[in-house]
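Residue strings, one per chain:
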Amino acid sequence: MPRETVMAGCSAAANGAKLARVEVISSYPIRPYTGIMMELSRMVADGELDAEFIHGEGEHAQVSIAQGASASGARAYTGSSGVGVAYAMRFTPHLGGRYPVQMTIADRPTIPRRLRFRAHGRHELLRPGMDPRWAETPQEILDNTIMYYKIGEDPKVMLPQWAVQDGYFVSTSPQGQHSGPGGGR
């Protein structure tokens, strides 16, 4: 029987990656996405998740690590937020080799502070052939993280998947949800 827990979108994304049994995680810090990587690094360190956790020296390296892992057949996971997405996107055309990498984006504006709670758009930098989808709740980001691997790894698809969530309210505000995929809302 599912149990209800309270978690924010970043924790939900990390738990979705754990349930999807990711094998390689590449990171580079930028908030609020850093919360996902902190939770995943804790899971790996505590033995809850059997995965390689690799910290890149920048967004380009982070995407390169995920691409290389995916090209070798591993289930790869990465992500970013704000200006980090813009910087990482300079390298994403190389993902056009039909590598089913998953990237979680906590979408927020790059700067001005006056747009803080009103603007999104970093996901719009994605190239054709990439498949971004929005999650409106932590439950959806958990479910989407699992589901997108099934979609992206399908031999008829073989494309990167981008799980996008709001970079303020969904990613950082705890909300109730059921554990496991399809747990309801």
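What you see is a predicted model, and the numbers here were worked out from it, not measured in a lab. (Residues numbered from 1 in each chain as written. Predicted model: local features only at pLDDT ≥ 70, side-chain atom pairs only at ≥ 80, totals over all residues. Heavy atoms only, no water.)

Novice: Would you take a moment to explain the nonpolar core for this structure?
Specialist: Nonpolar side chains in soluble globular proteins tend to be buried together. In terms of nonpolar packing, the biggest core is built from 26 residues, with Val-22, Ile-25, Ile-36, Met-37, Leu-40, Leu-49 and Tyr-77 touching the most fellow members. Looking at this core, the elements that each hand over two or more residues are α1 (9-19), α2 (34-45) and α5 (138-152). The contact partners of Leu-40, leaving out residues within four places of it in the chain, are Ala-14, Ala-17, Ile-25, Leu-49, Phe-53 and Tyr-77. In this structure, Val-63, Ala-88, Trp-162 and Val-164 belong to the second largest nonpolar core, which totals seven residues. (Core = buried A, V, L, I, M, F, W, Y, C linked by side-chain atoms within 4.5 Å. Buried < 20%, exposed > 50% of the residue type's maximum accessible area, 1.4 Å probe, protein only. Helix = DSSP H or I, 4+ residues; strand = E, 2+ residues; numbered from the N terminus. Contact = heavy atoms within 4.5 Å.)

Novice: I tried to follow the confidence of the model for the protein chain on my own but got confused; where do I start?
Specialist: Close inspection of predicted coordinates is inappropriate for parts of the model with low pLDDT. Scored by pLDDT, the protein chain has a mean of 79; 72% of the residues are at 70 or more. Across the protein chain, the element-wise mean pLDDT spans from 56 in strand β8 (residues 175-178) up to 97 in strand β3 (residues 52-55). Between residues 114-123, whose pLDDT stays under 50, and residues either more than four places distant or in other chains, the model counts 22 contacts. (pLDDT = per-residue confidence, 0-100.)

Novice: Any chance you could explain the pairing of β3 here in plain terms?
Specialist: It is a general feature of regular strands that their side chains alternate between the two faces of the sheet. As paired strands, strand β2 (residues 24-27) and β3 are joined by four bridges and run parallel to one another. Within the sheet, the bridge partner assigned to Ser-26 lies in β3 and is Ile-54. Handedness of the β2-α2-β3 crossover: right-handed. (Pairing = 2+ DSSP bridges. Right-handed = clockwise from strand over helix to strand, strands pointing away.)

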